[in-house]
Amino acid sequence: MLITGGAQQALDLVGRVLIEPGDTVAVEEPGYPPARLLFRSLGARVAGVPVDAEGIDVRAIPGSARIVYVTPSHQFPLGTPMSLARRAALLAWAERRRAVVIEDDYDSEFRFGERPLEPLQSLDRAGRVVYVGSFSKILLPMLRLGFLVAPASLGPALRAARRLSDWHGEVPTQAALARFIDEGLLARHIRRATREYAARHALVAEALAADDRLLPVPSTAGLHLCARLAPDVSVRPAPELAVERLEAYCGDAPAQAGLVLGYGAITKDAIPDGLRLLRSRMSAAPEPANPLP
Ligand SMILES: Cc1ncc(COP(=O)(O)O)c(C=O)c1O
């Protein structure tokens, strides 16, 4: 295990160690732009692979891919978990192709429903998975703290890459966090924050489900919800409307129309006004086609 400056440094270290210029790295489509941009900056050819209701479409991963980057516990940005069958298929694929799977588990702590599925890292029997975690969602992105758990064979190269890039990060912050964890304060914070985020999640999820211009993507974890726009529905931007568009997470594939609504940084009381504003900026749903006589 290595402590890193956020998930981003973990991805950077794995990329530096494993990517040769021209290698193919497969990423989810839609997916997390900072990962895609990082792999590209290291000389990789980045291939977007479609995601369906069960997760990444394993059959669509290019045979040339040496690395696959996925967000199984809460697909980013759609929010769906990767099914157990898909996890097994992805691991079998990685073993067959001798590829590496990077599992980015960036916000699995906040769950509002069923028990989480086993991470790929615990299901992996062939040493193909690098697990990446972050404290950005559970605590603060400005802490720049994350970690990776890699197969032992990658340990020396990853430690060498870490030394080359910044030696060891900020030890005082790491020591403070270690104490916070040891004293049980992180677990308490997660319990309390989960209650608060569950209430915000419920408010946003109910509003999305009640609007026939939106097709919410089912999700019971994390700090955002995603909804596709019904055909021909559009949203007029407004300076005070801080929702992300799903298009922003689509790489080279055709853009998908939808919204990504974060509730990590908005109070419960402010959510109804925000949703009212959103509704007022959305065009009307198209009239249903005339029924046949
Ligand atoms: C998919 C994904 N991975 C990782 C992170 C966290 O990255 P970092 O730890 O570098 O702040 C985020 C934060 O938004 C994310 O959405």
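These numbers were taken from a predicted model, which means no experiment stands behind them. (Residues numbered from 1 in each chain as written. Predicted model: local features only at pLDDT ≥ 70, side-chain atom pairs only at ≥ 80, totals over all residues. Heavy atoms only, no water.)

Enquirer: Explain the packing of aromatic side chains to me, and be specific about the residues and the numbers.
Expert: In total, this model carries seven aromatic pairs according to the counting rule given. Between tyrosine 32 and phenylalanine 76, the ring centres sit 5.3 Å apart and the planes meet at 80°, which makes this aromatic pair edge-to-face. On the criterion of sequence distance, the pair formed by tyrosine 32 in the loop between strand 2 (24–29) and helix 2 (33–41) and phenylalanine 76 in the loop between strand 5 (65–70) and helix 3 (84–97) is long-range, its members being 44 residues apart. A relative accessible area of 29% means that tyrosine 32 is categorised as partly exposed. Assessed through its relative accessible area of 11%, phenylalanine 76 is described here as buried. An aromatic cluster is built from Tyr32, Phe76, Tyr106 and Tyr249, whose rings are joined through pairwise contacts. (Phe/Tyr/Trp six-rings, centres within 6.5 Å; stacked < 30°, edge-to-face > 60°. Helix = DSSP H or I, 4+ residues; strand = E, 2+ residues; numbered from the N terminus. Buried < 20%, exposed > 50% of the residue type's maximum accessible area, 1.4 Å probe, protein only.)

Enquirer: Explain the pattern of salt bridges to me, and be specific about the residues and the numbers.
Expert: Under the criterion given, the structure shown has twelve salt bridges. Note that aspartate 23 and arginine 66 form a salt bridge whose closest N and O atoms lie 2.9 Å from each other. You can see aspartate 23 sitting in the loop between helix 1 (6–18) and strand 2 and its partner arginine 66 sitting in strand 5, a full 43 residues away along the chain. When its relative accessible area of 14% is taken as the criterion, aspartate 23 is described as buried. Between aspartate 52 and arginine 86 there is a salt bridge; the shortest N-O distance is 3.1 Å. Taken together, the residues span a long stretch of sequence, with aspartate 52 in strand 3 (residues 45–52) and arginine 86 in helix 3 at a distance of 34 residues. Judged by its relative accessible area of 35%, aspartate 52 falls in the partly exposed class. (Salt bridge = Lys/Arg side-chain N within 4 Å of Asp/Glu carboxyl O.)

Enquirer: For the domain arrangement of the chain, give the residues involved together with the corresponding values.
Expert: What the domain assignment reports for the chain is domain 1 (2–182) and domain 2 (195–281). Its C-alpha centre places domain 1 at a distance of 25 Å from the equivalent point of domain 2. Every contact between the two is made by 20 residues of domain 1 and, on the other side, 23 residues of domain 2. Carbon and sulfur atoms supply 61% of the area that domain 1 and domain 2 bury against each other, a total of about 1,800 Å² over both sides. At the boundary of domain 1 with domain 2, the tally comes to one salt bridge. Considering each element in turn, the side of domain 1 that touches domain 2 owes the most residues, three residues, to helix 2. Broken down by class, the residue content of the side of domain 1 that touches domain 2 amounts to eight nonpolar, five polar and seven charged. (Domains from an automatic or database assignment. Contact = heavy atoms within 4.5 Å. Buried area = accessible area lost by both parts, 1.4 Å probe. Nonpolar A, V, L, I, M, F, W, Y, C, P; charged D, E, K, R; others polar.)

Enquirer: Kindly report on the sheet that holds strand 12 (residues 258–262), identifying the contributing residues and their values.
Expert: Backbone hydrogen bonds hold the strands of a sheet together, and the pairing may be parallel or antiparallel. In space, the four strands of this open sheet follow the order 9-10-12-11, with antiparallel pairing throughout. The sheet terminates laterally at strand 9 (214–216) and strand 11 (244–245), the two strands that pair on one side only. In terms of strand pairing, strand 10 (residues 224–229) meets strand 12 through five bridges, oriented antiparallel. Of the residues in strand 12, the one forming a bridge with alanine 227 is leucine 259. (Pairing = 2+ DSSP bridges.)

Enquirer: How would you sum up a positive patch on the surface? Please name residues and give values.
Expert: The grouping of Arg188, Arg191, Arg192 and Arg195 at the surface amounts to a positive patch. Topologically, arginine 192 is positioned in helix 7 (residues 185–209). (Patch = residues over 30% accessible without salt bridge, like charges linked within 9 Å, V, L, I, M, F, W, Y side chains within 5 Å. Areas by Shrake-Rupley, 256 points an atom, 1.4 Å probe, with all protein chains shown as cover. Lys, Arg positive; Asp, Glu negative; His and termini not counted. Charge placed at Lys NZ, Arg CZ, Asp CG, Glu CD.)

Enquirer: Requested: an account of unusual backbone geometry, with residues and values cited.
Expert: That bond from glutamate 29 to proline 30 is cis: its omega, 0°, falls within 30 degrees of zero. In this structure, proline 30 sits in the loop between strand 2 and helix 2. Here the residue pair phenylalanine 76 and proline 77 is connected by a cis peptide bond, since its omega of 10° sits within 30 degrees of zero. Relative to the helices and strands, proline 77 resides in the loop between strand 5 and helix 3.

Enquirer: Hey, could you go over helix 8 (residues 271–281) for me, with residue numbers and the actual values?
Expert: Within helix 8, burial applies to Ile271, Leu275 and Leu278. Summarising the axial view, the buried residues of helix 8 lie within an arc of 55°, below the 170-degree limit, and thus occupy one face. (Arc of directions from axis to C-beta.)

Enquirer: Run through the site of the ligand, naming residues and quoting values.
Expert: The full set of residues close to the ligand is Gly6, Ala7, Gln8, Tyr32, Tyr69, Phe76, Asp104, Tyr106, Ser134, Ser136, Lys137 and Arg144. A distance of 2.6 Å separates an oxygen atom of the ligand from a polar side-chain atom of serine 134. The side chain of arginine 144 places a nitrogen or oxygen atom 2.8 Å from an oxygen atom of the ligand. Protein chains shield 90% of the accessible area of the ligand, which is 400 Å² for the free molecule. Counting residues per element, the shell around the ligand draws most heavily on helix 1, which supplies three residues. A breakdown of the residues in the shell around the ligand according to their chemical character gives five nonpolar, four polar and three charged. (Near = heavy atom within 4 Å. Polar contact = N/O pair within 3.5 Å; in protein donor to acceptor, adjacent residues only side chain to side chain.)

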